[in-house]
Amino acid sequence: MNRHSHADRPEVMRPSFSRSRKDVGLQGWALLAFVAMSLLAPEAGAVDYRYTPIADTTGGAFQSFRSLSLNAAGAVAFWATTGGGDGIFVGDGVSMRTVISPTDPNFSPSHLGYPSINDAGTVAFRAAEVRQGTNYRGIYTWANGTVSLIRQESYAQAWLHLNNADVIAYQGENASVTLRRTNGTLVGQFSFPSSILGSLNNLNEFAVYSAEPQARSIFAVDSASQTWIVIADTRESFTQLGTWPSLNDGGSTAFRAVLSGGGQGVFIGNGNQTGPAVADSSGPYDTFGTDLSLNNVGVLAYAAWSSTIAQPSGIFVGNTMRGAVIRNGDSLFGSTVTAANIYGESLNDSGQVAFTYSLADGRRGIARAEPEFTSGDAPWIPVLPDEILGDTFVFRRARPDNSWSRWYDPPMADGYTFEVLGGTFVQVAGPPGFDNLHVIVDGIVVETDLDAGESFYFEPNTATFSIANIDPAVDAGDPTAFPTFLAFSGEPTELRMTALVTTVPEPQSWAMLLSGIAFLTAWRHSARPRGAFKLKAQHPS
């Protein structure tokens, strides 16, 4: 991708769209798509769930549920309609707290909505304060029982997002994406043509959908450096894009897309590479929801529907964890599910999923799905080796369903070489707590910036690779210090992980490796979309 100049840029940004590495990457996965779908199907290596009721229409306290947000502690902030109008509430399955009551005379019940809760339990939401019979719209927070006005402002789009840095992202009066701290301080304003804000991560980076006349695009924007990258557009591989992309702290963005060759699916990209579909219509489901939720472990929650009765619609997770969260026809709370839906903040890093549901007996409600992990399902319970041969860990047992895609624990070292017998590698995901990892294939450094929650997708027929540049150093006293997610194609019979420190390369090899890393790092700074484009920030007077 080419650098864009600030010179003569209009107030509303009009980015040009040159061919990018993401387009090359996606085309390169065409051969893998069919193999990866069988690998990444919702049923492969599926995680089971139990369910906690949060709120429902029993007793008439609630009539319907509009949107929700889930935090790390499992608390759900939600917007609900009651007999007295709309309100904002927080429930965790044990207690229920009222943020804004439908009967509160200070707020208009017809203008409440779209709560977002962070890990500290602060809730941001939209509301209209009533003063002398006039409604004044604005952005508010609720913390420790106190409601505070952050900014009096009408808005173009309703959704907003609150992160753990106490920053709120929303679209204000002029439709620009605005980032503002909960104390009211402006972080920045950013304009995109015909845009819809998708999500905000904890680094104050946000994902946005933009509908320019030339192409529909999804951007990831860093508010601190005022740079942006193209995650996907409709110029080549896709003809349509979902309007609510989800961005995690590792820089990966999940999005729904309609393929130019037909069909649709859900994908994850980082501006440098877009992997094979997490799920697409060549599998059992032919339609996917635009609301996606991607967490910092790389797990993606999405809704899918099928035009055939044989495949019930439902909510699924994919990428570094797979399973059906809930499907139509499943038993839930003494009845049968007839519909279920998720939102952009439905998934937390523990794998819990908050969703709305409808039941055959007429009840509607909100529930939280709790994953019941087995070995390899999550980075905190990785698969341990069947045998240790010196500095090599050997894994020989697949899951009971013969799936090998899961989290593995390697030996302790500064780097590792991975080798699979009987199959090939499709994907590796960065372990939690580690950034800027190097991925080396056939002596070539193919990736210098693999972050936690981010995935790298291999070229076909890759049976061995290495990971280097582990910093901070792995804790040798922690048997699960560097859990690594691996996905495969073919029929693996054995996986081997060997510490890189056991083999000392010749000086010439070291020189070649270091020069390769230096070259690729320099090339990425100039060619990789991340940080390659300056975004003009707007600061109101």
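You'll find the structure just up there.
Below, the structure is looked at part by part. (Residues numbered from 1 in each chain as written. Predicted model: local features only at pLDDT ≥ 70, side-chain atom pairs only at ≥ 80, totals over all residues. Heavy atoms only, no water.)

### Here's the deal with the layout of surface pockets
In this structure, the second largest pocket spans a volume of roughly 450 Å³. Lining the second largest pocket are 28 residues, and of these Leu70, Leu200, Asn202, Asn296 and Leu347 lie nearest its centre. Looking at the lining of the second largest pocket residue by residue, the classes come out as eight nonpolar, 16 polar and four charged. (1 Å grid on protein atoms, 1.4 Å probe; cavity = no way out; pocket = protein on both sides within 12 Å on 5 of 7 lines; lining within 4 Å. Points joined across faces, edges and corners; volume = space filled by probe spheres on them. Nonpolar A, V, L, I, M, F, W, Y, C, P; charged D, E, K, R; others polar.)

### Thoughts on the pairing of strand E37 (residues 444-450)
Of all seven residues that make up E37, five are buried, and the element is covered over most of its length. Judged from the four bridges that link them, strand E36 (residues 437-441) and E37 form a sheet pairing that is antiparallel. Counterpart to valine 439 in the pairing with E37 is glutamate 447. Between E36 and the antiparallel strand that follows it, E37, lie two residues; aspartate 442 among them carries a positive phi value of about 55°. (Buried < 20%, exposed > 50% of the residue type's maximum accessible area, 1.4 Å probe, protein only. Helix = DSSP H or I, 4+ residues; strand = E, 2+ residues; numbered from the N terminus. Pairing = 2+ DSSP bridges.)

### Overview of empty space enclosed by the protein
One pass over the full model with this rule turns up seven cavities of 30 Å³ or more. Around the largest cavity, the lining comprises 13 residues; the ones closest to its centre are Trp159, His161, Tyr343, Gly344 and Glu345. Secondary-structure elements contributing two or more residues to the lining of the largest cavity are strand E2 (64-70), strand E6 (113-117) and strand E10 (160-162).

### Observations concerning the nonpolar core
Core analysis: the largest hydrophobic core is formed by 25 residues, its most contacted members being Tyr408, Phe425, Phe465, Leu486 and Leu495. Elements supplying a minimum of two residues to this core: strand E33 (392-395), strand E35 (416-429), E36, strand E39 (464-468) and strand E40 (484-499). Considering each element in turn, this core owes the most residues, five residues, to E35. Ignoring sequence-local partners within four residues, the contact set of leucine 495 consists of Phe393, Val394, Phe395, Trp404, Tyr408, Glu419, Val420, Phe425, Leu486 and Phe488. Val299, Leu332, Leu347 and Phe355 belong to the second-largest nonpolar core, a separate cluster that totals 20 residues. (Core = buried A, V, L, I, M, F, W, Y, C linked by side-chain atoms within 4.5 Å. Contact = heavy atoms within 4.5 Å.)

### Side note on the sheet that holds strand E16 (residues 216-222)
Sheet strands line up and pair through hydrogen bonds in the backbone, either parallel or antiparallel. Across the sheet, which stays open at both edges, the four strands sit in the order E14-E15-E16-E17 with antiparallel pairing between neighbours. Looking along the sheet, the strands with just one partner apiece sit at the ends: strand E14 (195-200) and strand E17 (227-233). If you compare each strand with its neighbour and ignore which way they point, the axes differ by 25° on average. Sheet topology places strand E15 (residues 205-211) next to E16; seven bridges connect them, and they run antiparallel. Its bridge partner lying in E16, tyrosine 209 is registered against isoleucine 218. (Axes fitted to C-alpha atoms, helices over the stretch in contact; angles between N-to-C directions.)

### Section: the pattern of salt bridges
Considering all chains together, one arrives at nine salt bridges under this definition. One salt bridge in this structure joins arginine 131 and glutamate 129, with 3.6 Å as the shortest N-O distance. Aspartate 361 serves as the salt-bridge partner of arginine 363, at 2.9 Å between the closest nitrogen and oxygen. Salt bridges sharing common partners tie together Glu387, Arg396, Glu494 and Arg496. (Salt bridge = Lys/Arg side-chain N within 4 Å of Asp/Glu carboxyl O.)

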